[in-house]
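# Fold and contact review
Chain residues, written in single-letter form:
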Amino acid sequence: SKNNRPKAAPYGAAFYFHTMKKCIALIVLVLLGSCSSNPELVQMTNQGPAQGSTFSISYLVPEGVDYRRDIDSILESMDQQMSLWVENSEISALNRGDSLFLSNDFHGVILQSIYLSELTDGSFDITLAPLIKAWGFSGGTHKDSINVDSLLNFVGYKGLVAHRPGSMMEKYALPEGYELDVNAIAQGYTVDVVANLMNNVGVSNYMIEIGGEVRCKGTNVRGRKWRIGIEEPTEDRVLGQFQTIVELDSMSLATSGNYRKYWQDENGQKVVHSIDPETGQPVVHNLLSASIIAPHATTADALATACMIKGVTGAMTMIDRFPDVEGYFIVGTKFGEIEVFQTSGWERYTVN
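Described below are features of the structure shown in this document. (Residues numbered from 1 in each chain as written. Predicted model: local features only at pLDDT ≥ 70, side-chain atom pairs only at ≥ 80, totals over all residues. Heavy atoms only, no water.)

### Section: the overall build of the chain
- Secondary structure summary: the chain contains nine helices and 13 strands in total.
- Among the 352 residues that make up the chain, the fraction classed as buried is 57%. (Helix = DSSP H or I, 4+ residues; strand = E, 2+ residues; numbered from the N terminus. Buried < 20%, exposed > 50% of the residue type's maximum accessible area, 1.4 Å probe, protein only.)

### Considerations on helix H2 (residues 68-82)
- The terminal C-alpha atoms of H2, which comprises 15 residues, lie 21 Å apart, in line with the 21 Å expected from a rise of 1.5 Å per residue.
- Within H2, burial applies to Ile-71, Ile-74, Leu-75, Met-78, Gln-81 and Met-82. Projected down its long axis, H2 shows its buried positions confined to an angular sector of 130 degrees, all on one face. Exposed and facing more than 90 degrees away from the buried side of H2 are Arg-69 and Glu-76. (Expected span 1.5 Å × (residues − 1). Arc of directions from axis to C-beta.)

### A short note on the pairing of strand S6 (residues 226-231)
- Burial within S6 is extensive, with five of its six residues counted as buried.
- Two elements, S6 and strand S7 (residues 242-248), share six bridges in a ladder whose sense is antiparallel. Across the sheet, the residue bridging to Glu-231 is Phe-242, located in S7. (Pairing = 2+ DSSP bridges.)

### Some details on the packing of H2 against helix H4 (residues 104-119)
- Two elements in contact, H2 and H4, have axes whose closest approach is 9 Å; the angle formed by their N-to-C orientations is 60 degrees. On the basis of the axis angle, H2 is oblique to H4. Relative to H4, the crossing made by H2 is right-handed. Of the residues in H4, those touching H2 at Met-78, Gln-81 and Met-82 are Asn-104, Asp-105, Phe-106 and Val-109. (Axes fitted to C-alpha atoms, helices over the stretch in contact; angles between N-to-C directions. Parallel < 35°, antiparallel > 145°, perpendicular 65-115°, else oblique. Left-handed = near helix turned anticlockwise from the far one by under 90°. Contact = heavy atoms within 4.5 Å.)

### What about the environment of Phe-329?
- Within the secondary structure, Phe-329 sits in strand S12 (residues 326-332).
- Exposure remark for Phe-329: the relative accessible area of 0% places this residue in the buried category.
- Measuring from C-alpha to C-alpha, the distance between Phe-329 and Ile-292 comes to 8.8 Å, with 37 residues separating the pair along the chain.

### Quick word on the packing of H2 against helix H8 (residues 186-200)
- Running from amino to carboxyl end, H2 crosses H8 at an angle of 145 degrees, the nearest separation of the two axes being 10 Å. Considering the relative orientation of H2 and H8, their crossing is right-handed. In this structure, H2 contributes Asp-70, Ile-71, Ile-74, Leu-75, Met-78 and Met-82 to the contact, and H8 contributes Ala-186, Tyr-189, Thr-190, Val-193, Val-194, Leu-197 and Met-198.
- Per-class residue counts for the contact of H2 with H8 are eleven nonpolar, one polar and one charged. (Nonpolar A, V, L, I, M, F, W, Y, C, P; charged D, E, K, R; others polar.)

### Some thoughts on unusual backbone geometry
- One non-glycine residue with positive phi stands out, namely Ser-250, at about 60 degrees.
- In this fold, Ser-250 is placed in the loop between S7 and strand S8 (251-257).
- The partly exposed category is assigned to Ser-250, whose relative accessible area is 42%.
- Look at Asp-324: it is not a glycine, yet its phi comes out positive at around 60 degrees.
- With respect to the secondary-structure elements, Asp-324 resides in the loop between helix H9 (297-319) and S12.

### Quick notes on the pattern of salt bridges
- Under the criterion given, the structure shown has nine salt bridges.
- Overlapping salt bridges bring together Asp-121, Lys-310 and Arg-321 as one network. (Salt bridge = Lys/Arg side-chain N within 4 Å of Asp/Glu carboxyl O.)

### So, the sheet that holds strand S11 (residues 287-294)
- Within the open sheet, the eight strands sit side by side as S2-S3-S4-S5-S8-S11-S12-S13. Their pairing is antiparallel. Across the chains shown, the open sheet's two edge strands, defined by having one partner strand only, are strand S2 (42-50) and strand S13 (338-342). In this sheet, adjacent strand axes meet at a mean angle of 10 degrees when their direction is disregarded.
- Where strand S4 (residues 206-210) and strand S5 (residues 213-217) come together, five bridges link them in antiparallel fashion.

Right, dumping it as structure tokens:
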């Protein structure tokens, strides 16, 4: 997970202070109507607070069928495993230096995070927690400078490679001094878990949105592909005013951005909340937002974050290496205007 005041953090306050993956709202344009292309099915929508943000999940089922209880169970399970705000969560225990048996989902998230770190040359990294806290991005006082060199000894996905989780029958502990923050992947992963639920119970048409991360399959009740709007990266945007709208079927969308999540230092310089894992410093470039379409929300979520670290040129180059992945990048010019860059296959998803 998106307005000018960020929502409470789903996996700790670092959710909205860290990678900025949730600073741009993805508005789901669910087209409702009385005319259905499949009259024996109705469109059920479950909505509410989740993971410090909100969720909206729509799916076509026979009348009277409702998977709200199963969805709530998944959301609660994710919190118990990966929420920094839950004192007895698995991630909180690991960050305290405990050794424990990992649940299946958290075990998978750590392994997938290491893999995605390698694919993004380290731009995506879940070991940034010490830097997040030191910079004051997790609810503390914002710092203009910190002792980065000492903290970098306890940051870096490569430190996890030698300590990657083994069998789930073995207890796991982090390298000494390390702490994890999985906010840049956990919501996308949760979207995919809910999608697996829908697939397993035979639901063929659904739209899953949790904290702005989206995955769609099939059509809505009117027989149209699900439409998702990406908002304009301006602080004074009008509700319902979008930079672009895409149609998705069997694909996911995630957006990260910095245009609302920053503070000004004593010199009036904007300090954004995306931290470069290599330098430990907040990134400085003109990329306002990165939107990624990919088959899975987990991948889209992590890649959107990595793009905000790399900047538009590096992001375009990186995304071109991934099959079935497209990117849409909004860049601010020195004249206060915006430019749009997109990968070659993005256009096929755009609503004209």
